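Remarks on the overall topology
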Amino acid sequence: MGDRDPLVPMFLPEAVEEFLSCLRARKLSAHTVLGYESDLRLVGEIAAELAGVSPAGLEVRHLNGRLIRGAFAAFSDPRSAASVNRAWSAWNRLFTFCVSEGMVEGNPMAAVPRPKQPAKAPKPLLGDGTASATLLERIAEGAREARDPWVERDLVVLGLALVTGMRSAELLGMTLGSIGGAAGDRRVQVVGKGGKTRSLPIEPPIEFLIERYLDSRLRRFALAALPRSAALLVDTANEPLRRGGLQYLVRQCYRYAGIHDRVQKGTLVHALRHEFATRLAERGASAHELMELLGHSSIVTGQAYVASTAREVRQAARGNPAYGVLDRLGAGGGGRGEALSS
């Protein structure tokens, strides 16, 4: 009694490869898997050096809390909290996998401190809230200069992002079959992070743009029909649009629409997702509704959009009676009140 099954001997590179194969089977995006692979390799190389062995000769069962903590200390020194958090998550998931496969008795990541990250503030398009309208109107007018212009496709890319808040990978993963329902009551099936699906409503204006785009696609490539399995968004060679192509397209649209200076640092396609959520929050969407629409696993992120608009707070503050006095003073004080805008 009390005898435990012996641990399955496994070197780290083989364990990592089995873990990554498991992630691929779960249909995680290639970009996510590459990120995990990089973080696991870099920290693993440091751990092997600390243990005095080659990376190929490091056994998973020898990765105790002290060793992995030392590896993370060296890994963390030149890197941001966000990068360390991402690596911590990768290793935590790897060890959870290794425990389930009988390679280690427990997960040593509890011994590794995880840095706190400040809550990320939403980054919608800057200005008075009209930037998205300007973007759509200018692109519809043909403002984007390109070797092979395709206004209908560009409008669908921008329109879908702005009315659904989809991530880049979600936009690129759509097929014609992702859109279903009767006219006027259509929805888009989206495959989000972790393979989770959600259903997003779309209204007649975007339905019309999609139909017009698909008609233009048939004419452009002399096609009789398109299968439901075909990618919804394609490039000018009728190949599925890829991440780099999507980023270039959106960047060019910002530039030619004249709103590139309203795109906050660190965002590109994601700025359209932030714009979607921020404008809905301004119009009264709740944190729970935003969580459902955006495909978040926690309501906290949705609350950030609601807090950033602070509609109720501003309305309450506006009722301060001191504003009435200041308003009268400004009206009776000549041009004093204009100093703030000069």
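Since the model is a prediction, treat every value here as computed from it, not as a measurement. Sequence positions are assigned chain by chain, starting from 1 and proceeding in written order. pLDDT decides what is reported in this predicted model: residues at 70 or higher carry local features, side-chain atom pairs at 80 or more are listed and counted, and totals for whole chains, interfaces and linings draw on all residues regardless. Here the side-chain values reflect all heavy atoms present in the structure, with hydrogen atoms and water set aside.

All right, on to the packing of aromatic side chains then. Here the aromatic set is Phe, Tyr and Trp, taking the six-membered ring for Trp, and pairing holds for ring centres within 6.5 Å; pairs whose planes are under 30 degrees apart are stacked, those over 60 apart are edge-to-face, and all others are tilted. Evaluated as defined, the whole model comprises six aromatic pairs. Each ring, one from W91 and one from F95, has its centre 5.7 Å from the other, and the planes form 45 degrees; the classification is tilted. Of this pair, W91 and F95 both sit in helix α4 (residues 81–100), separated by four residues, roughly a single helical turn. Classification of W91 as buried rests on a relative accessible area of 0%. Relative accessibility under 20% of the residue-type maximum defines a buried residue, over 50% an exposed one, and the middle range a partly exposed one, all with a 1.4 Å probe and only protein chains included. The exposure class assigned to F95 is buried, which follows from its relative accessible area of 0%. Between the aromatic rings of W150 and Y213, the centroid separation amounts to 5.5 Å while the plane-to-plane angle is 45 degrees, which identifies the pairing as tilted. Taken together, the residues span a long stretch of sequence, with W150 in the loop between α5 (131–140) and α6 (151–164) and Y213 in helix α8 (residues 204–220) at a distance of 63 residues. Y213 sits in the buried class, given a relative accessible area of 0%. Through a chain of ring-to-ring contacts, the aromatic side chains of F19, Y36 and F97 assemble into a single cluster. Runs of H or I in DSSP of at least four residues are treated as helices and runs of E of at least two as strands, each being numbered from the N terminus.

Time to look at the environment of P113. Note that P113 resides in the loop between α4 and α5. By relative accessible area, which is 62% here, P113 ends up exposed. For the pair formed by P113 and W88, sequence separation is 25 residues and the distance between their alpha carbons is 9.0 Å. Contacts are assigned to residue pairs with any non-hydrogen atoms lying within 4.5 Å of each other. If we ignore the near neighbours within four places in the chain, the residues touching P113 are R69 and W88.

All right, on to the pairing of strand β2 (residues 187–191) then. Here β2 shows a buried face lined by V188 and V190 and an unburied face lined by R187, Q189 and V191. Strands were regarded as paired on the criterion that DSSP finds at least two bridges between them. Sheet topology note: the strand β1 (residues 179–180)/β2 ladder contains two bridges and is antiparallel. Considered in β2, the bridge of I179 is made with V188. Hairpin remark: β1 followed by β2, antiparallel, with six residues in the connecting loop; positive phi at G181, about 100 degrees. When β2 meets strand β3 (residues 197–201), the two strands line up antiparallel, connected through five bridges. Bridge assignment links Q189 to a residue of β3, and that residue is S199. Between β2 and β3, which pair antiparallel and follow one another directly, the connecting turn spans five residues, one of which, G194, has a positive phi of 70 degrees.

This next bit is on the nonpolar core. Here, nonpolar core refers to any group of buried Ala, Val, Leu, Ile, Met, Phe, Trp, Tyr and Cys residues whose side-chain atoms link them within 4.5 Å. Core analysis: the biggest nonpolar cluster contains 44 residues, and L135, L160, I210, L232, V250 and Y254 have the highest contact counts within it. Elements that contribute at least two residues to this core include exactly α5, α6, β2, α8, α9 (243–257) and α10 (270–282). Of the residues forming this core, the biggest block, seven residues, is contributed by α6. Every residue in contact with Y254, bar those within four places of it in the chain, is listed here: L125, L135, I259, H260, V263, L268, A271 and L272. Of all hydrophobic cores here, the second largest spans 36 residues; its members include L63, C98, M103 and V112.

For this analysis, a salt bridge means a side-chain nitrogen from Lys or Arg found within 4 Å of a carboxyl oxygen belonging to Asp or Glu. All chains considered together, the criterion is met by 14 salt bridges. Between E170 and R198 there is a salt bridge, and its shortest N-O distance comes to 2.9 Å. Taken as a pair, E170 in helix α7 (residues 168–172) and R198 in strand β3 lie far apart in primary sequence, 28 residues in all. In this structure R198 comes out as buried when scored by relative accessible area, which is 11%. One continuous salt-bridge network, built from bridges that share partners, spans R144, R153 and D154.

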